[in-house]
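Summary of structural features
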Amino acid sequence: MRARIPWLGLAVLFAAFLAWEAVSRGFAGLGDYVPPPSRMLGMLGQILVSGELLFHAQATLARFAGAYALAAVVAVSAGVAFGSSRVLYSFVEPLVELLRPMPSPATIPIAILFLGIGNEMKIAVTAYACTWPILLNTLDGVRGVDRVLRQTAATFGVGPWRTLFQVVIPAASPQIVTGLRVSLAIALILVTTSEMVVADDGLGFFILDLQRSFRIPEMYAAILALAVLGYLLNQAFLTIDGWVMAWHRLGTRKEVV
Amino acid sequence: MLEVQDLHKAFQPLSGGAPILALGDVSFRVDAGRFIAIVGPSGCGKSTLLLCVAGLMRPTTGTILLGGQPVTGPPENLILVFQEYNQSLMAWRTVLRNVRFGLEGRGRPRVEIDAEARRAIELVGLTGFERHYPWELSGGMQQRVAIARALARRPAVLLMDEPFGSLDALTRNELEDTLLAVWAEVGATILFVTHDIEEAIYLADRVYVLSGRPSRVLEEVEVALPRPRHQLKTREDSRFIAYRHQIYELISRETSRRGPALP
Amino acid sequence: MNARPSRWNGVALLVALTLLWEAAGRAGWVHRLFFPPVSRILQSFVTLVASGEVLPHVGVSLWRAGLGYLLAALAGIGLGIAMGYWRQAYEAAEVVIELGRALPPPAIIPVAIVFLGIGDMMKVFVIFFACAFPILVNTTDGVRAVDPVLLRTARTFGLGEAAIIRKVMVPAAAPYIMTGLRVALAIALILTVISEMVGATSGIGYFILDSQRSFRIPQMYAGMLVLALLGYLLNRAFLLADTRLLAWYRRGAESA
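Residues numbered from 1 in each chain as written. Chains lettered and ligands numbered in written order. Predicted model: local features only at pLDDT ≥ 70, side-chain atom pairs only at ≥ 80, totals over all residues.

**Description of the overall build of chain C**
Keep this limit in mind: The secondary structure listing takes helices from DSSP runs of H or I that are at least 4 residues long and strands from runs of E that are at least 2 residues long, numbered from the N terminus. Computation of the radius of gyration draws on C-alpha atoms, with the globule rule given as 2.2 Å multiplied by the number of residues to the power 0.38. With C-beta atoms placed from the backbone, a residue counts as buried when 20 or more other C-beta atoms lie within 10 Å of its own, as exposed when 12 or fewer do, and as partly exposed for counts between those limits. Two residues form a contact once the distance between their C-beta atoms, set from the backbone, is within 7 Å.
Counting its secondary structure elements, chain C contains 10 helices and 0 strands. Beginning at the N terminus, the succession of helices and strands in chain C can be written as α-α-α-α-α-α-α-α-α-α. In terms of overall size, chain C is more extended than a compact globule, its C-alpha atoms giving a radius of gyration of 23 Å where 256 residues would be expected to give roughly 18 Å. Overall, the C-alpha framework of chain C stretches about 75 × 60 × 30 Å when taken along its three principal axes. In chain C, which comprises 256 residues, the share counted as buried stands at 43%. Counted over contacts in chain C with a minimum sequence separation of 6, partners at least 24 positions apart contribute 73%.

**A few points about the overall build of chain B**
Helix and strand counts for chain B come out as 9 helices and 10 strands. Expressed as lengths along the three principal axes of its C-alpha atoms, the size of chain B is roughly 55 × 45 × 35 Å. For chain B, buried positions account for 42% of its 263 residues. Put simply, 70% of the contacts in chain B that link residues at least 6 apart link residues at least 24 apart.

**Some details on the sheet that holds strand 9 (residues 206-210) of chain B**
All names here are of chain B. The line we're drawing: Here the rule is simple: two strands pair whenever DSSP picks up at least two bridges between them. Structural elements are reduced to axes, namely lines fitted to C-alpha atoms, with helices fitted over the stretch in contact, and the angle between N-to-C directions of any two is expressed from 0 to 180 degrees.
Spatially, the 6 strands line up as an open sheet ordered 6-7-8-3-9-10, and their pairing is mixed. At either end of the open sheet lies a strand with only one pairing partner, and these are strand 6 (78-81) and strand 10 (217-222). The average angle at which neighbouring strand axes cross in this sheet is 15°, direction not considered. Bridging between strand 3 (residues 35-39) and strand 9 involves 4 bridges; their strand directions are parallel. When the bridges of strand 9 are listed, Ala37 appears paired with Val207.

**Quick notes on the interface of chain B and chain A**
The criterion, for reference: Ten residue types, Ala, Val, Leu, Ile, Met, Phe, Trp, Tyr, Cys and Pro, are classed as nonpolar, four, Asp, Glu, Lys and Arg, as charged, and the remainder, Gly among them, as polar.
With 18 residues of chain B at the contact, the number on the chain A side is 14 residues. Looking at the side of chain B that touches chain A, its residues break down into 12 nonpolar, 4 polar and 2 charged.

**Let's talk about the environment of Met169 of chain C**
Residues and elements named next belong to chain C. With respect to the helices, strands and loops of the structure, Met169 is situated in helix 8 (residues 161-198). Owing to 22 C-beta atoms within 10 Å, Met169 belongs among the buried residues under this scheme. Between the alpha carbons of Met169 and Ala154 there is a distance of 9.9 Å; along the sequence they are 15 residues apart. In this structure, Met169 is in contact with Val143, Val146 and Ile164, ignoring residues within four places of it in sequence.

**Looking at the sheet that holds strand 5 (residues 69-70) of chain B**
Residue and element names in this part refer to chain B. Strands sit in the order 2-1-4-5 across an open sheet of 4 strands; the sheet is antiparallel. Bordering the open sheet on either side are strand 2 (20-30) and strand 5, each of which pairs with just one other strand. Two strands pair when backbone bridges link them, and strand 4 (residues 61-66) and strand 5 are joined in this way by 2 bridges, in the antiparallel orientation. Each bridged residue has a counterpart across the sheet, and for Leu65 the counterpart in strand 5 is Pro70.

**Observations regarding the nonpolar core**
In globular proteins that are soluble, nonpolar side chains generally tend to be buried together. Selection rule: Linking buried Ala, Val, Leu, Ile, Met, Phe, Trp, Tyr and Cys residues through C-beta atoms within 7 Å yields a set, and such a set is a nonpolar core.
In this structure, Ala222 of chain A, Leu159 and Val207 of chain B together with Cys131 of chain C are the most contacted members of the largest nonpolar core, which totals 217 residues. When residues in this core are grouped by element, the largest group, 19 residues, is from helix 8 of chain C.

**Focus: the interface of chain A and chain C**
Often, the extent of an interface is quoted as the loss of accessible area upon association of its parts. Chain A puts 48 residues into the contact, and the matching count from chain C is 48 residues. Of all the elements in the fold, those that place two or more residues in the side of chain A that touches chain C are helix 1 (7-26), helix 5 (86-99), helix 6 (107-115), helix 9 (160-197), helix 10 (203-212) and helix 11 (216-244) of chain A. Examining the composition of the side of chain A that touches chain C, we find that 9 residues originate from one element, helix 5 of chain A, more than from any other. Partitioning the side of chain A that touches chain C into residue classes produces 37 nonpolar, 9 polar and 2 charged.

**Focus on helix 10 of chain A**
Counting buried residues along helix 10 of chain A, 9 of its 10 residues qualify, which places the element largely inside the surrounding structure. Looking at the buried residues of helix 10 of chain A, the elements they touch are helix 4 (52-84), helix 9 and helix 11 of chain A together with helix 5 (108-116) of chain C. Just past helix 10 of chain A, the residue Phe214 of chain A takes up positive phi, approximately 55°.

**Description of the packing of helix 3 (residues 55-85) of chain C against helix 8 of chain C**
All names here are of chain C. This is how it is decided: Rotating anticlockwise by less than a right angle from the far helix to the near helix defines a left-handed crossing, while the corresponding clockwise rotation defines a right-handed one.
Two elements in contact, helix 3 and helix 8, have axes separated by 8 Å at closest approach and are oriented at 145°. For helix 3 against helix 8, the interelement crossing comes out right-handed. Across from Ser61, Arg64, Ala65, Gly68, Tyr69, Ala72, Ala73, Gly76, Ile77, Ile81 and Tyr85 in helix 3, the residues of helix 8 making contact are Ile165, Val170, Ile177, Gly180, Leu181, Ala184, Leu185, Ala188, Leu189, Thr192 and Glu196. Looking at the contact of helix 3 with helix 8 residue by residue, the classes come out as 15 nonpolar, 5 polar and 2 charged.

**Considering the packing of helix 10 of chain A against helix 11 of chain A**
All names here are of chain A. The condition is simple: Angles are sorted into four bins: roughly parallel if under 35 degrees, roughly antiparallel if over 145, roughly perpendicular if 65 to 115, and oblique for all others.
One can describe the packing of helix 10 onto helix 11 by two numbers: an axis separation of 8 Å at closest approach and a directional angle of 160°. The angle between helix 10 and helix 11 falls in the class roughly antiparallel. Every pair of crossing elements has a handedness; the one defined by helix 10 and helix 11 is left-handed. Where helix 10 approaches helix 11, its residues Leu203, Phe206, Ile207, Leu210 and Gln211 are matched on the opposing element by Glu218, Met219, Ala222, Ile223 and Leu226.

**Regarding the domain arrangement of chain B**
Residue and element names in this part refer to chain B. Quick reminder of the rule: Note that domain bounds follow an automatic or database assignment of domains.
By domain assignment, chain B separates into domain 1 (2-77 + 156-258) and domain 2 (87-154). With centres defined by C-alpha atoms, the gap from domain 1 to domain 2 works out at 25 Å. Taken together, the contacts link 12 residues of domain 1 with 9 residues of domain 2. The leading source of residues in the side of domain 1 that touches domain 2 is helix 6 (residues 169-186), at 7 residues.

**So, the environment of Ile216 of chain A**
Residues and elements named next belong to chain A. Checked against the element boundaries, Ile216 lands in helix 11. In this structure Ile216 comes out as buried when scored by C-beta crowding, with 21 C-beta atoms within 10 Å. Put simply, Ile216 and Gly9 are 207 residues apart on the chain and 27 Å apart in space, counted from C-alpha to C-alpha.

**A short note on the pairing of strand 8 (residues 189-193) of chain B**
Residue and element names in this part refer to chain B. Here is the rule: When the strands point away from the viewer and the connection leading from the first strand across the helix to the second strand turns clockwise, the crossover is called right-handed.
The element strand 8 is extensively covered by neighbouring structure, given that 5 of its 5 residues are classed as buried. Covered by surrounding structure in strand 8 are Thr189, Leu191 and Val193 together with Ile190 and Phe192, the residues of both alternating faces. Note that strand 3 and strand 8 share 4 bridges and pair parallel. Within strand 8, the residue paired with Ala37 across the bridge is Phe192. Alignment of strand 7 (residues 157-161) against strand 8, held across 5 bridges, turns out to be parallel. Across the sheet, residue Leu159 finds its bridge partner in strand 8, namely Leu191. Where the polypeptide runs from strand 7 across helix 6 and back to strand 8, its parallel neighbour, the crossover connection is right-handed.

**Description of the pairing of strand 4 of chain B**
All names here are of chain B. Examined bridge by bridge, strand 1 (residues 2-11) and strand 4 share 5 bridges and lie antiparallel to one another. The residue bridging Glu3 from the neighbouring strand is Leu65, located in strand 4. What sits between strand 4 and strand 5 in their antiparallel hairpin is a turn of 2 residues, with Gly67 showing a positive phi close to 60°.

**Section: helix 11 of chain A**
Filter applied, for reference: Expected span of a helix, by definition, is 1.5 Å for each gap between consecutive residues, and there is one gap fewer than residues.
Between its first and last C-alpha atoms helix 11 of chain A spans 42 Å; for 29 residues at 1.5 Å apiece the expected length is 42 Å, and the two agree. All of the buried residues in helix 11 of chain A are Ile216, Pro217, Glu218, Met219, Tyr220, Ala221, Ala222, Ile223, Ala225, Leu226 and Gly230 of chain A.

**Regarding the confidence of the model for chain C**
The line we're drawing: Think of pLDDT as the predictor's per-residue confidence, scored from 0 to 100.
In the predicted model, chain C carries a mean pLDDT of 89, and 96% of its residues have values of at least 70. Across the predicted assembly, pTM comes out at 0.87 and ipTM at 0.87.

**Regarding unusual backbone geometry**
Apart from glycine, the bulk of residues carry a negative phi angle, and the bulk of peptide bonds sit in the trans form. A cis geometry characterises the amide bond from Arg213 of chain B onward to Pro214 of chain B, with omega recorded as -10°. With respect to the element layout, Pro214 of chain B can be found in the loop between strand 9 and strand 10. Following Arg227 of chain B, the chain continues into Pro228 of chain B via a peptide bond in cis, with omega recorded as 0°. Inspection of the secondary structure puts Pro228 of chain B in the loop between strand 10 and helix 8 (233-236). Of note, Phe214 of chain A is a non-glycine position whose phi angle comes to about 55°, a positive value.

Given below as structure tokens:
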């Protein structure tokens, strides 16, 4: 894996912050809309200490985890099942093609209708959205397992269940992991969105609320916190990916979104 | 040991139209412990033949008898080694675990399985590479792993579908000799398909020459060359050259008669 | 090998589900509020389209999505080529880009509201922000993946750098660029809907949410149907363009 430190990039980032700081302080009134980074970081510290940030972050994280786990289990299982049986797939394919083009946030109103405005709604919406990339990539991966590999299992007299778990799923795993990675980002987007549309906690709500109460520097700080959260989740994923998929070298992974 | 009787195989093209007859009455017989090669023009259905014998494809008509028993599915004591070693090996398993694959799930103790696997790895000359992953190995080494994996099962019959076709000439020669050494040690019956006439003569006791599609056995050539074979001496032997002429003429007559075979 | 199972299996399933829904709604097995009969939904759908009530919403959504997408494509492809071509540009921008990518796009909505209010431009900006990254990243990848042999060939023939970029690099990177554009298309629709639900008074996203809030449920479903149809049509249009532009690549990949 890349151990290269992006010195130039970091330097550019630092320079950008300095420029931002200078411009923001230099022009009167601008500081209200675009506070200098120093004030932003100060605010970040403040909302951290006051406990507000952690309170909302934990709500978001809990919803994210619940929805992602649910989607992963359901979508991988369904993907493996439908990918392995051509009959099952033929039943399900038109339904998939029908629902697929509809943007997932469109399910928010219907989810509110059925589940109210609590956590269940947000988790349901997020899980629904996450299911798609995982399901489609898993389907693709399972169906795309090389014929030679399947024939190899057959010539060794390997039974259908062993073939599924010891050959097909490992062979499809790079593609499955791609689906899991894509839906990580989707999960965060949908959780945040559902918190903005209707909620009283969570980072999405928090950021919007800060904007509404004109606590602008805090708003930027919360946004930064959300970006950091997204970054850390991604890094965690990559780390686990590095351990589990060490055997899979830098080959190409098809992305299905 | 192995008997193929009146094998026919027809394929229905997906785009519709008349069925394509790949194999049209192929019959031959192989005695136990012999090394048999099969050559033929491109696209004549050599791979199809092997897949049928391996029980991985059902022939349209005809019978395949292994030890007197008809083949209806992959037989227990017969293993097929594929040309595409890269797609046949399991990228997520080390060499050792790949070789162990065929022995797993049958109730044998782990210690025994490992011992068998290591023995097979030694046979193909890959001792020391047990913990490597396939992608870390060259093409020739990967194919050795695939062969070791088959050998670990101690099959009575080994089918090989152009196993050295994707390798460069030098590696090919190396593996030919490795295979002959393994065969001498293990004594299995080998059915070896290749497009390389010289390779067929070099390796085999007998060469079957197939016609173009629909394939049938054109000629049965007994290879009376001394063993052990030698890359230079055997290939310079006047009998080797005679066999080569004979088979080459047969095949080029086939090719010119039918025109280039379509995929 | 058995024959391929019929596609009609799945269609039959859909028809069966639709009929079940209809029957359930009419028979009162389920609350008619939550599950209005399919016939009512379709009726609502037809009314909305015919009366033109939904069209302004669709129009304004398309306008926002289209403009944001276009701007993102221009910026993403332009910057992507620059970053792919010049190593220093890539290294300079990579940290900033990664940070921007890590931020879930909805989080930028409140910022956009601060600067642009809750009008069209806010939404265009949000869509632009979300779409630019996939297009940028894929374009950069595509340019960097251009076979050096291809570039050396061009140089041997004495082509100037500008011509090389135009005639060799961009076409060679086109499959990647198209992937980025395809991903961004889906994102554009998603962010359009999101931004319209969070702060808007028009647009199909707003329409669906508003229908639910005013308990005009058949209309809510109809709106979702409109949106699904929109997504489908946009996808088809994209596929058409892709086929035209990348026929050489798709067919080549098949015979490989």
